[in-house]
Structure formats: C-alpha cells, structure tokens
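# Structure assessment
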Amino acid sequence: MSRLNAREIEPKWQAAWAAAGCFTARRDPARPKYYVLEMFPYPSGRIHMGHVRNYTMGDVVARYKRAQGFNVLHPFGWDAFGLPAENAAMERRVHPEDWTRANIATMKAQMRPLGLSLDWSRELATCDADYVGHQQALFLDMLAAGLVTRKASVVNWDPVDMTVLANEQVENGRGWRSGAVVERRELTQWFFRIADYSEELLAAIDTLKAWPDKVRLMQANWIGKSQGLQFRFEIVGRAEPLEVYTTRPDTLFGASFAAVSPDHPLARALEAESPALATFCAECRRTGTSEEALETAEKRGFDTGLRVVHPLDDTITLPVYVANFILMDYGTGAIFGCPAHDQRDLEFARRYGLAVTAVVSPDGAPFEVGDTAFTDPGRMINSRFLDGLTIEAAKAEVIARIEAAGRGSARTNFRLRDWGISRQRYWGCPIPVLHCPTCGVVPEAKANLPIVLPKDIDFSPGNPLDRHPTWRNAACPACGGAALRETDTMDTFVDSSWYFARFTAPGAATPTDLDDAAYWMNVDQYIGGVEHAILHLLYSRFFARAMIRTGHLPESAAEPFDALFTQGMVTHETYAMPGEGGRTVWLSPDEVIRAEGSATLRATGAAVEIGPSIKMSKSKKNVVDPDDIIAQYGADTARWFVMSDSPPERDVEWTAAGAEAAWRHLQRVWRLTLEARAGGAGTPEAAHALDRATHRAIADVTAGIEGFAFNKAVAKLYEFANAVARSEAGAEARAAAMRVMAQLLSPMTPHLAEEMWAALGGAGLVVDAPWPVADPALLQCDTLTLPVQVNGKKRGDIEVPAGADRAAIEALVMADETVRRWLDGAAPKKLVVVPGRIVNVVL
RNA sequence: GCCCGGGUGGCGAAAUGGUAGACGCAGCGGACUCAAAAUCCGCCGCCGCGAGGCGUGUCGGUUCGACUCCGACCCCGGGCACCA
C-alpha cells in the first residue's frame, strides 16, 4: 500500500475522533478554555471554496490550540433567515423554510467529509423555533430596558409591486422584478438605540488590541465622531428657525446659501404650498435610500424663495434651497453651504450661480478658488474679526460668539444612526409585539414565546404576514381584547449578533446560561470575511452591551471577540449576458465554457461577457463547488490547498490548478513515512542534521500558525519534507522526524497525520498528542553567511563565526577578494556593519 | 462621492529598513522505462557571450541601504446602514 486512499482513511479517522468524543466541548474550570469561531454561513444551497477556506482556517487554529492543551470550543450553526429564501419561494414555488432546511442538510453533508473539529452537538439554525423564541425574549428585555424605539424612516418602495425593496433589489434606480422606478417612502419602524452607545463603542475600539487596524479604523470612521456647532438661522418671515449643524463654523463668513434635505420638515411643509417644489422633491425621492446613490447623484437644488439671516451679521441674508445631496439622517438634515471650502457646495454654487468667497487662504494672502475647493489648513481672510486666525482658533471664536448670542452651541455629532431592524418580510424572526386598539403597542407576554411564522402562506410580492387570514389575530396581553400582531420581522443582523453567546449553552431555557457564558466567553479567535468589518461586528458589539444590561451576559463580555482575523475572499470571474428589457443575466461558471480571452454559453454557444474577479456571491453566480475536489482527492488535499499559496488575509482567485500538486505532495509525505519505516542505519551526523531541521520546522510552523501565516507554515512544511527526503539519516532518526511531521501537519491535514502517526508507532491518536516544542539549542548555527554590499548592491558573501563582533567582521570584509577588487586599493568611505545581518562598503 | 485595503517573475507568493523572488505551480533539460504514467535529479525575473546593467503599479523624496518609510498620482477590490 504505497498510495494513500483518502476515501478509505478519512472516514476511518473521522469515526475514531467521533468515537473518542474529541471535539465535544465540556465546561471544565480546571483547564484553560479557548473559543474559536468562524462566522456562520448563510445556507445558500451548496458550500463553496470560500467556506472551505474559512472553516479550514478556524480548524487549524482549533486543532493547534487543542494540541497545546486548551479546552477548545469550536461550534457551528446556520444564519438561516434571509432574502434568498423568499426569492427561491417566488421563483420556484418552494416554501422558504423547506428550501432553507434542504440547503442546510445539503451543506452539512458537504461539510462533514472535511473532517473539521467541530462540536456538532451545539449546532443551531437561527430559524429554529427555539432560537426565535430566545431572540424574541431578548427583544422584549431590550424593549423594557429602553433600548428599543419606534420612529419613521425611509425605505425603497416599488410602486408597481407595492412592496419594500432591499438595496440589492434596486438596480439602476428600478425594482429588479417590476422594473418600476423606485421611490423613497417613509414608514414607522422598530429601532435598536445603538446611537446611544456611539461614544462607548468608539472609545472601546482602543481595547481591541488583537483586531486588525483596518477594521478598527473602519469602525471608528463609521461611528464618525465630529465636533462642531449647531445653530439656528432665523428665517425671514417665519417664526420657526432653521437648525443647522456644521463642522466648519470657521467658514461662516464664506456662506452663500442654506439647504435642507427633501425629507426635512421644512421641505415637506413648503411642498404643500408649492407644486413646483413638490415635483422637485418627488424627483429627489425617486432614488434609492443608499448613501452611495445620494452621493453620486447629480447635485441638484430648488430655491425655496425663503431667506435666512446670517447669525453673525443681521444685514446678510442667504437663500434657502432644497437639495438632493443632503441626508436627513445626519446632523439636522440642514446645512449652510460654503462653496470655497467644500467641493460639493462648490459644484452646487457653480451650477446655481451662487457667490464663492474664500475665507481660508493657505498663507493669509488674498485667495481665489477655482474648480477645487480649498480644504487644507491656512489663515482666515474676508472674515472680519476672524482674519488672520488659524482655522482652529476661528472655530473656537465663532462658537463662543454664537453661544454668547444664544443662537446655538458647540456640539459633538456622530454619524452612527440607530439600527433599523424592521423588515416587511416573511422569512425572519417575528417582532413580538401587538397592536391593541385600546392599549396601543403592547409587548407580547414571554409565556407566549416563541411567536413562530405561519407555514401556510402565499408568495406574491409583498409581506405574506400582512395577507395571512388569521396569523395576525391575537389577544392583547394587557387587556385581553382582540389585537393585531406586528407583521414586521427582524433584520437578519439581529440573528447574527448573539449566536456566539447562544453557542455557549445551546440547550439553555433562557437565551444564555450565565455560568456557561462566564466560562466560554469571550470568543478568543473570531474569523470571517472582511466584508463584515463594519455592520455585523458593530452590531454584535452593541448587542453584547445590551445583553449585559438585560442580564444575559457577564460584564466581562462587553467586547465579545478578543481577537479578530479577517480572511480574504475567494473571488472568481463573473459571467453575464444581456437579458429581457436590458437587464443583466448572471451566469455560473458551470454554464460557461471559458477559452483564452473569451467565453461562451455552454448550452447555446452564445457569447458571454467576462467580468472582473470579485467576491463569490449567490447574486452574481460566480460560485465554485468544492465537492469535485473532495471526491477526487479527499479532504486533506482540499484543506492543504486552501491553506497554501495565498496569505489568508488576502483575496485568492480560485483556479482548478494546484489541487493536483497538493495531492502529489501529500502522497510524497506518505511515501517518506513508509521509507522511514524501511530505512537503514545512516550516520550520526546526518541524524543530527535532520534533528536540527526538525526543530527548525517546529519553530517555523508554530510561528506561522500563531501569526495566521498559514501559507508560510505550509512552505516550511514543504522545506521540512525536502530535508527529510534528502537526509541520509537512519530509520530511527527518520521515523522520529516523520512523527514530528505528523504532528505539525495535523492541524491542516488531520487524516493523513493520523495515518502517519499510526504507521510510525505513535501513542494513541495524534489529535491527542501535545504540540511539539522546539529546542533553542538546535536552532543555533556555528557560522553564518553575511551578504556584503558595495554601495548598497550585493557583491558577495563572507562566512563568519556565529558570535563574531564588529571588528572581526570588518577584518574579514577587508580581506575579502571581491571587496578588494571593488575598492581597487582605495580605503572605503564608510563601512556599515550590522552584526548578524549585513555589511555595506561605501566607496 | 465618502471610508478601508491591495498592486512584486508566465502564475500564487516570500522578504516590513539589510542578499528581492523562500516555497509551490507552470515551463525547460536529464535519469528511470519497450513505451507511457508515476517518481527522482537539475535549470528557471528581464537584457547581455561576458563583465555587468535593469527590475517590486507610476513619478518624486528620506537613507550607507527602500517592496518596506514620506509626498503626489494611476489601476483593481471591499464597505456605504434592507445581500449575507
């Protein structure tokens, strides 16, 4: 048996692990715990290489920590609610739940052969009635604690399908099914009051030492703390003033207009009187709700004819516009425009012929602005009592004067808005409240939880809960009279904001068990896609605080993820064809025949457009199925392949090439194992050299795994295999080296490692063997090779004893033949010696 | 538009102020074989016979020395609050 048959050995060792209960986590206060978690998947249908990469990474960490003696928790679940299930229901007449459950079964069947060290006994799906009920209990507790509010906010409205659309369902401003131009519409919705935690969530970012800097920066920018001035413009001829927020009070004398959002109360009031303005506002609303859509739209405004009085000089008045680029959700929904020092304002002013007065100059000299607003530091000009001041001093002065005049005050603002959780959809967790004609909005009684979704529904566009004949009807928990259920369901981000806590006690009768949570929390290592860097992680950080406040987590869990690793995505080219009505039809790689520089549709031979390689996603269909690789080569090969080559934080473009090479390497390792058993006597020198190589490998592979540089750990394992292959050492020494090889391989290719371990007479299972430790003495070398540069370019090497000092190295350098040739008799101008690293001879 | 990343041989990459290209893929040459597969050995950034020159997206700077630090720009990707 010189070939390793993955199909035989992999199920065998998986059964052995299961029989030994290796991966079932049990609370054990005597042992240090380690909670490793990968972001749970959405059950979209089948697993793809991104999943394989993600879960293998987590598994390498879990198995490595286990070998180091930690009591490891490594659970798994399904982020099971969401839009695709409803789309499937409409497209294929499948019930969302049946579709989701079938997908979970399929994906689980695909996952199990990977041999992941998961505790499947803790598996959960967010659509489980149990999970739904506990989430509803959390909602009720948060409601009671004042963490929930209800207010108006805007949604994308499809006026043909009469339904709310997700941003993803808006394509070029039109509904994806109806093709109708989408409108913004205001609805009363449920919110979590995350904005109240802005300051705390921002400040605590500093404590997240083991998070990537880029994620911390993105979160900080998202929360967006700014210091500024909020003040009131008096409106000529109206009693009600216009409240404005600005971060540039210093530029107040450069103001040439004021503007409000089309959704601002003033705009709405004026609309009633002016059909022209109403038309303009209606046009503005004919765009999506995303910030991107608003910011990239052409800047347009409508002069209301109103004028506001300059707060620092009553003799100046400014026109008031309604402008499409102003967000109602940020600040007060109203601004003053200073075109010289804000690019957006500048474009607006040029378009509508408004004055552009520079009030900051780079050097304090008179200054004119051209096509580009001046936003750098400088000195104030054209600003009366502010002239000559720095921007910072001018800001302070303006704020002081406005405050003294009683027209406003300094104010800290946050970009972060409250978290709207209402969704007008079926496939989500029902919001457990009732609307009672007598009592108003009433929380459901906890005894009635879970409030589950009705199974008998119809799937035309819109919310089937609204149309259901009986589901809405319920008794009011307060007065007992007839009431109607809330038909909004929760944002699926709610589901993913506490699943990590539920995993610590998946059977508990309450959302969490405080003892279990205290033992297992926090997640020591969280792993997931960088696309979740802001929303999911921020919501989870908020939720942990809310759960502490409502008694569901211990104080120590406020930051639930100690260390975060954001893996790169697995990308793939996209394939598209024009479909009906100019819409794009995305094609999966299976449907396409790819040739050099072009692609055609497999079914008809029609030309297919090749798009950029981007994140694999259901909606773009650029998804690859890992089943073939596992079937052909086995799980170890697939695992080895996704860990090699690309650094884990970077995107990797999937290509079929390389799986073969991974398989060949694993076969080679197995051959080396068999050769080690059969080898001869060898020399002591060779045995010693192999021992050094072994300890070098232990040190390097350990460092690679610790540093999340799995690709480097893999490279070091290749080098170690090369060293063993070349070694003249005897059987015993080679077997010892290969036993260490088995241990070092075990986090990545656990089945092969077990097979090797057994073949080489290792005790028990390698999964239970403690991680090897490198002997520092064996990592030292007697001599080292120092590169010698001349004027910064490498010209040769010198051999120096390991502990050589500067003088000794200098002597060796000056004696070196190559150096003498470059010096040509002259003395060097300078000799840079960095012991242990390099020598540079400067001529 | 705003925020955050990335860009190094034919390809995936390594080197985070000190030998650019470890390791792997692809390719080329050889051994073994009747032959093929598998395996093993060697070569492998570009130009040049060579000495040597050039080379880490582009341009400029700091340094004895820059993929690495600083400034400006170009291209590609992620996020932008209802995709998950």
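This section reports on the structure supplied with the text. Quantities reported herein were computed from a predicted structural model and do not represent experimental measurements.

## With respect to the overall build of chain A
From N to C terminus, chain A includes 26 helices and 37 strands. Projected onto its principal axes, the C-alpha positions of chain A cover 105 × 85 × 65 Å. Among the 843 residues that make up chain A, the fraction classed as buried is 53%. Of the contacts made within chain A by residues no fewer than 6 positions apart, 71% connect residues no fewer than 24 positions apart. Accessible surface, chain A: about 36300 Å² in total, of which carbon and sulfur atoms supply 51%. Across chain A, 89 positive and 105 negative side-chain charges occur, with their mean positions spaced 1 Å apart.

## Concerning the protein's contact with RNA strand B
Near RNA strand B, the surroundings consist of 67 residues, among which Asn 167, Arg 425, Lys 712, Lys 794 and Asn 840 are the closest. Within 4 Å of the protein, atoms of RNA strand B come from sugar and phosphate in 66% of cases. Within the backbone of Glu 168, an N or O atom sits 2.8 Å from a phosphate oxygen of RNA strand B. Between a base nitrogen of RNA strand B and a side-chain N or O atom of Asp 645, the distance comes to 3.1 Å. It is helix 22 (residues 710–726) that contributes the most residues to the surface near RNA strand B, 6 residues altogether. Across the surface near RNA strand B, the residue classes tally to 25 nonpolar, 17 polar and 25 charged.

## Quick notes on the side chain of Asp 491
By the element assignment, Asp 491 lies in the loop between strand 25 (489–490) and helix 14 (492–495). With a relative accessible area of 6%, Asp 491 lands in the buried category. Within the structure, Asp 491 has its side chain in polar contact with the side chain of Trp 419 (distance 2.9 Å). Each residue touching Asp 491, except ones within four places of it in the same chain, is listed here: Trp 419, Gly 420, Ile 421 and Arg 423.

## Here we look at the packing of aromatic side chains
Throughout the structure, instances matching the rule amount to 42 aromatic pairs. Ring geometry for Phe 565 against Phe 708: centres 4.1 Å apart, planes inclined by 15 degrees, an arrangement best described as stacked. In this pair, Phe 565 is assigned in strand 27 (residues 561–567) and Phe 708 in the loop between helix 21 (684–706) and helix 22, connecting sequence segments 143 residues apart. Looking at Phe 565, the relative accessible area reads 11%, which means it is buried. Taken together, Phe 139, Trp 190, Phe 192, Tyr 197, Trp 419, Phe 493, Tyr 539, Phe 542 and Phe 543 form an aromatic cluster joined through their ring pairs. The side chain of Arg 401 reaches across the aromatic face of Phe 385, ending 3.6 Å from its centre. The positively charged end of Arg 415 is found above the aromatic ring belonging to Trp 222, 4.4 Å away from the centroid.

## Structural notes on the side chain of Asp 141
Turning to its location among the elements, Asp 141 is positioned in helix 5 (residues 129–144). The class for Asp 141 is buried, based on a relative accessible area of 17%.

## Remarks on the sheet that holds strand 26 (residues 523–529)
Ordered in space as 2-1-26-27, the 4 strands form an open sheet in which the pairing is parallel. Strand pairing shows two members of the sheet lacking a second neighbour, strand 2 (71–73) and strand 27, which therefore form its edges. Neighbouring strand axes in the sheet, compared pairwise and without regard to direction, differ in orientation by 20 degrees on average. Of the pairings in the sheet, the one linking strand 1 (residues 33–38) to strand 26 comprises 3 bridges and is parallel in character. If you follow Val 36 over to strand 26, its bridge partner there is Gln 525. Packed onto the sheet, helix 2 (residues 49–67) meets strand 1, strand 2, strand 26 and strand 27 and runs at close to 175 degrees relative to strand 1.

## Here's the deal with the environment of Ala 404
Checked against the element boundaries, Ala 404 lands in helix 12 (residues 391–404). In sequence terms Ala 404 and Leu 752 are 348 residues apart; their C-alpha atoms lie 77 Å from each other.

## Regarding the packing of helix 7 (residues 213–223) against helix 17 (residues 535–549)
Two quantities define a packed helix pair, namely the angle between the helix axes and the distance between the axes. Look at helix 7 against helix 17: their axes get within 10 Å of each other, and the N-to-C directions meet at 75 degrees. Overall, the two elements helix 7 and helix 17 adopt an arrangement that is roughly perpendicular. Here Val 215, Gln 219, Trp 222 and Ile 223 of helix 7 lie close against helix 17, whose contacting residues are Leu 535, Leu 537, Leu 538 and Arg 541. For the contact of helix 7 with helix 17, a count of residues per class yields 6 nonpolar, 1 polar and 1 charged.

## Digging into helix 2
In a regular helix each residue adds 1.5 Å, so 19 residues correspond to 27 Å; helix 2 covers 26 Å between its end C-alpha atoms and thus fits that length. Downstream of helix 2 by one or two residues, Gly 69 has phi in the positive range, about 100 degrees.

## A few points about the nonpolar core
Counting 163 residues, the largest nonpolar core has Phe 139, Phe 192, Phe 542, Phe 543 and Met 741 as the members making the most contacts within it. Excluding its chain neighbours within four sequence positions, the residues that come into contact with Met 741 are Val 669, Leu 717, Phe 720, Ala 721, Val 724 and Met 756. Of all hydrophobic cores here, the second largest spans 42 residues; its members include Leu 252, Val 359, Met 380 and Ala 394.

## Things to note about the pattern of salt bridges
Applying the stated criterion to the full structure yields 44 salt bridges. Where Asp 458 meets Arg 467, a salt bridge forms, and the shortest distance between an N and an O atom there is 3.3 Å. On the basis of relative accessible area, Asp 458 is assigned to the partly exposed category, the value being 36%. Exposure remark for Arg 467: the relative accessible area of 35% places this residue in the partly exposed category. Each of the salt bridges in this network shares a partner with another, and the network as a whole consists of Arg 184, Glu 186, Asp 263, Arg 268, Glu 271 and Arg 285.

## Thoughts on unusual backbone geometry
Each neighbour pair has its own omega, and for Leu 449 with Pro 450 the value is -5 degrees, a cis peptide bond. Backbone torsion omega between Met 521 and Asn 522 reads 5 degrees, so that peptide bond is classified as cis. Along the chain, Asn 522 turns up in the loop between helix 16 (514–520) and strand 26. Backbone geometry places Asn 382, a non-glycine residue, at a positive phi of 50 degrees. Following the sequence through the fold, Asn 382 ends up in the loop between strand 17 (379–380) and helix 12. Judged by its relative accessible area of 47%, Asn 382 is partly exposed. Positive phi values are uncommon outside glycine, yet Phe 708 reaches one of about 55 degrees. For Phe 708, a relative accessible area of 9% translates into the label buried.

## Comments concerning the sheet that holds strand 35 (residues 793–801)
Taken in spatial order, the 4 strands line up as 35-34-37-36 in an open sheet, and their pairing is mixed. Two strands bound the open sheet, and with one partner strand each, they are strand 35 and strand 36 (830–834). With strand direction ignored, the average angle separating the axes of adjacent strands in the sheet is 20 degrees. The sheet contact formed by strand 36 and strand 37 (residues 838–842) spans 5 bridges and is antiparallel. Bridge assignment links Val 832 to a residue of strand 37, and that residue is Asn 840. Taken strand by strand, helix 25 (residues 806–815) contacts strand 34 (783–790), strand 35, strand 36 and strand 37, and its axis lies near 125 degrees from that of strand 35.

Rules and cut-offs
- Residues numbered from 1 in each chain as written.
- Chains lettered and ligands numbered in written order.
- Predicted model: local features only at pLDDT ≥ 70, side-chain atom pairs only at ≥ 80, totals over all residues.
- Heavy atoms only, no water.
- Helix = DSSP H or I, 4+ residues; strand = E, 2+ residues; numbered from the N terminus.
- Buried < 20%, exposed > 50% of the residue type's maximum accessible area, 1.4 Å probe, protein only.
- Contact = heavy atoms within 4.5 Å.
- Areas by Shrake-Rupley, 256 points an atom, 1.4 Å probe, with all protein chains shown as cover.
- Lys, Arg positive; Asp, Glu negative; His and termini not counted.
- Charge placed at Lys NZ, Arg CZ, Asp CG, Glu CD.
- Near = heavy atom within 4 Å.
- Polar contact = N/O pair within 3.5 Å; in protein donor to acceptor, adjacent residues only side chain to side chain.
- Nonpolar A, V, L, I, M, F, W, Y, C, P; charged D, E, K, R; others polar.
- Phe/Tyr/Trp six-rings, centres within 6.5 Å; stacked < 30°, edge-to-face > 60°.
- Lys NZ or Arg CZ within 6 Å of the ring centre and 35° of its normal.
- Pairing = 2+ DSSP bridges.
- Axes fitted to C-alpha atoms, helices over the stretch in contact; angles between N-to-C directions.
- Parallel < 35°, antiparallel > 145°, perpendicular 65-115°, else oblique.
- Expected span 1.5 Å × (residues − 1).
- Core = buried A, V, L, I, M, F, W, Y, C linked by side-chain atoms within 4.5 Å.
- Salt bridge = Lys/Arg side-chain N within 4 Å of Asp/Glu carboxyl O.

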